[in-house]
Amino acid sequence: MNEEGTFERILASLHEAALDPAHWPGASLLIDEALGTHGSSLVCADGESVEDIRFYSAWICLRGERHPELERLYFETYYPLDEQIPRVLRSPFNRLFHITDFYTEKELKTSEAYNAHRTHAHAGNAIEVRLRGSNDLRILWQVSDPVDGDGWSSEQLDRIWDLLPHIRHVVRVQQTLAGAGALGETLTELLEVSGLGVMHLDGRGRVVAVNDQARDLLRTGDGVLDRDGLLFARLQRDNDDLQRLLNRALPPFGVRGAGGSTIVRREDNLPPLVLHVHPVEWQKSDFPFSPVAALVLVVDPVSGAALDPAVVAAALDLTGMESRVAVLLAQGMSVREIATTTGRKESTIRSHVKHIFAKHGLSRQAELVRLVGPLARAPKARRH
C-alpha cells in the first residue's frame, strides 16, 4: 500500500463489495497483496456471550479465493472448542490484537482450535480486531500471517488501521441492504426497494433519483429535505455532520471517495434516521461524469409502523409478545432497542427471537423481514 494507487484500488473494490458480497474475495486479494499476507477472515455476528451469539456471515479468503470448506470445518468442529471466543467477546473494540494474546502459553501448544487456525488458515500469528456494526452487529476481522514469516512490521499494522473504517462501512452497508432484501441489486433495482429510503446523488451532490420512501421523507422534511436539488438535514448540527460525510464521499474529480454513516434527528420524539452514504464507482460513459456518484441509504426505524402485530401473530402462529418483537425486528430495531421499548430484559427479547426463528426455520433478521414485510398490506386479523 506504499503507492497511493494501490490504496485507491482497494477502496474501489471495497465499494463494490459493499453492494455485492460476490466482490469481497477480489477486495480481500488486493488487501493481501498490499499487506503481504496469506488471507483474511471476516465474521459478522451479534450477542455478547458465547451462549447468545448468533452468526450472520463468515468468510475465509486465502489469496483471493473463498474457502467455504474451511468455514464449515471451523464452525462445525473447532468453534465449540475454541478457547479464544469468550476472550475475544470481552475485548475492546477498535484495538489490534495478535491471535496469540487470546491463548495461554499452554493452549498455544495444546489447543486444537489454535492449531487449526495456524495450519488451515495460516493464522498462527494473525492480527484480530473487533468492530461495531449497525445496531447489535459485531464484526471480527482476522488478517492472516505475513507471507514472509518475519512477523508484523509497524508499516503493516498502520495499513491495517487505515483500512478499518472502510471494512466497517462495507459491513454496515451490506447489513442495511440485507435487512431490506436488496443485497446484490443493481442501482436501478435499489430504487424499487420498499422499507428503505434510497437516494442517488450525482458528482455535485445533487439528488438525481429517489425511491418512494425517500421521496416521502424529502417531501415532508422529516429529518432530511431537498433544497434546490441538494440534500440537507433539518437541524444544523446534523446537517454539519451530513455535509462533511457527503464531501468525503464526493471529493474532487480523480480522488477516491470514502463512505460513512450519520444520524439525523426528527421532531415528535421519533427515533432518528440513520443515513449510510456510499460512493459509487465511476461508470464507463461518453459523458465526463457518472450520473450516479453516491448512494444514500436511509433507515427509518418506524417505517414499518403499518405492520399490525395481531396480523403477524395470526399469520405466523406467534404469541402476542413474539409478534410484537417480530414487528419491531422487521422495522430494523436492535434487541437492545426492543428491550428498552418494551421494558423487558435483553435476555428475554433474545429468547423470543430464538423461538420465532425456530418456528419458521430462520437464521437471519433479513429472512424475518422478507417473511413479515408482505403482511403490512394484509387485512386486520379478527379478534375473538
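Just so it is clear, the model here is predicted, and its values are computed rather than measured.

**Remarks on the overall build of the protein chain**
So, step 1. The helix and strand inventory of the protein chain stands at 15 helices and 13 strands.
So, step 2. Against the compact-globule benchmark of 21 Å for 384 residues, the protein chain has a radius of gyration of 22 Å, which places it among compact chains.
So, step 3. Summarising its shape, the C-alpha atoms of the protein chain cover approximately 60 × 60 × 35 Å along the three principal directions.
So, step 4. When the 384 residues of the protein chain are sorted by exposure, 52% land in the buried category.
So, step 5. Restricting the contact set of the protein chain to residue pairs at least 6 apart, pairs at least 24 apart contribute 58%.
So, step 6. Accessible surface, the protein chain: about 18,400 Å² in total, of which carbon and sulfur atoms supply 51%.
So, step 7. One way to put it: in the protein chain the 43 positive side-chain charges average out to a point 7 Å from where the 52 negative ones average out.

**Let's talk about the packing of helix α12 (residues 320–330) against helix α14 (residues 346–360)**
So, step 1. Viewed as axis vectors pointing N to C, α12 and α14 meet at an angle of 90°, and their least axial separation amounts to 9 Å. As the angle between them shows, α12 and α14 are arranged roughly perpendicular. Contacts from M321, E322, V325, A326 and L329 in α12 reach I349, H352, V353, H355, I356 and K359 in α14.
So, step 2. Here the contact of α12 with α14 is composed, by residue class, of seven nonpolar, two polar and two charged.

**Section: the nonpolar core**
So, step 1. Residues W24, W141, I160 and I167 are the most contacted members of the largest nonpolar core, which totals 43 residues.
So, step 2. When residues in this core are grouped by element, the largest group, eight residues, is from helix α7 (residues 154–179).
So, step 3. Setting aside its immediate chain neighbours within four residues, W24 contacts L14, A17, S40, L42, W59, C61, W141 and I167.

**Here's the deal with the sheet that holds strand β3 (residues 65–66)**
So, step 1. A sheet is described by the order of its strands in space; here six strands give the open sequence β3-β2-β1-β6-β5-β4, paired in antiparallel fashion. Taken across any chain shown, the strands that pair with only one partner, and hence form the sheet edges, are β3 and β4 (97–98).
So, step 2. In this sheet, strand β6 (residues 137–143) lies alongside strand β1 (residues 39–46) in antiparallel orientation, the contact comprising seven bridges. Following the sheet pairing, A45 is matched in β6 by R138.

**So, the pairing of strand β7 (residues 197–201)**
Within a regular beta strand, the side chains point alternately toward one face of the sheet and then the other, so they alternate between its two faces.
So, step 1. Here β7 lies mainly inside the structure; five of its five residues are buried.
So, step 2. On β7, burial covers both faces: G197, M199 and L201 on one face and V198 and H200 on the other are all buried.
So, step 3. With five bridges connecting them, β7 and strand β13 (residues 294–299) associate as antiparallel partners. Note that in β13 the partner of L201 across the bridge is A294.
So, step 4. Two strands pair when backbone bridges link them, and β7 and strand β8 (residues 207–210) are joined in this way by three bridges, in the antiparallel orientation. In the strand pairing of β8, L201 is matched with V207.
So, step 5. The hairpin turn running from β7 into β8, its antiparallel successor, is five residues long, and G205 in that turn takes a positive phi close to 85°.

**A closer look at the confidence of the model for the protein chain**
One rule of thumb: low pLDDT means the predicted coordinates there are not for detailed reading.
So, step 1. Looking at the protein chain as a whole, the pLDDT averages 87, with 91% of positions reaching at least 70.
So, step 2. Counted against residues more than four places away or in other chains, residues 284–288, with its pLDDT under 50, gives one contact.
So, step 3. Residue range residues 377–384 is modelled with pLDDT below 50. Its contacts to residues more than four positions away, or to other chains, number nine contacts.

**Describing the packing of aromatic side chains**
So, step 1. Applying the stated criterion across every chain yields a total of eight aromatic pairs.
So, step 2. A ring pair is formed by F55 and F75, whose centres lie 4.9 Å apart and whose planes are at 70°; its orientation type is edge-to-face. Taken together, the positions of F55 in strand β2 (residues 54–62) and F75 in helix α3 (residues 68–78) put the pair 20 residues apart, joining distant regions of the chain.
So, step 3. Judged by relative accessible area, F55 falls into the partly exposed class, the value being 28%.
So, step 4. F75 sits in the partly exposed class, given a relative accessible area of 26%.
So, step 5. Between Y74 and F75 the ring centres are 5.1 Å apart and the planes differ by 80°, which places this aromatic pair in the edge-to-face class.

Criteria and cut-off values
Residues numbered from 1 in each chain as written. Predicted model: local features only at pLDDT ≥ 70, side-chain atom pairs only at ≥ 80, totals over all residues. Heavy atoms only, no water. Helix = DSSP H or I, 4+ residues; strand = E, 2+ residues; numbered from the N terminus. Rg over C-alpha atoms; globule rule 2.2 N^0.38 Å. Buried < 20%, exposed > 50% of the residue type's maximum accessible area, 1.4 Å probe, protein only. Contact = heavy atoms within 4.5 Å. Areas by Shrake-Rupley, 256 points an atom, 1.4 Å probe, with all protein chains shown as cover. Lys, Arg positive; Asp, Glu negative; His and termini not counted. Charge placed at Lys NZ, Arg CZ, Asp CG, Glu CD. Axes fitted to C-alpha atoms, helices over the stretch in contact; angles between N-to-C directions. Parallel < 35°, antiparallel > 145°, perpendicular 65-115°, else oblique. Nonpolar A, V, L, I, M, F, W, Y, C, P; charged D, E, K, R; others polar. Core = buried A, V, L, I, M, F, W, Y, C linked by side-chain atoms within 4.5 Å. Pairing = 2+ DSSP bridges. pLDDT = per-residue confidence, 0-100. Phe/Tyr/Trp six-rings, centres within 6.5 Å; stacked < 30°, edge-to-face > 60°.

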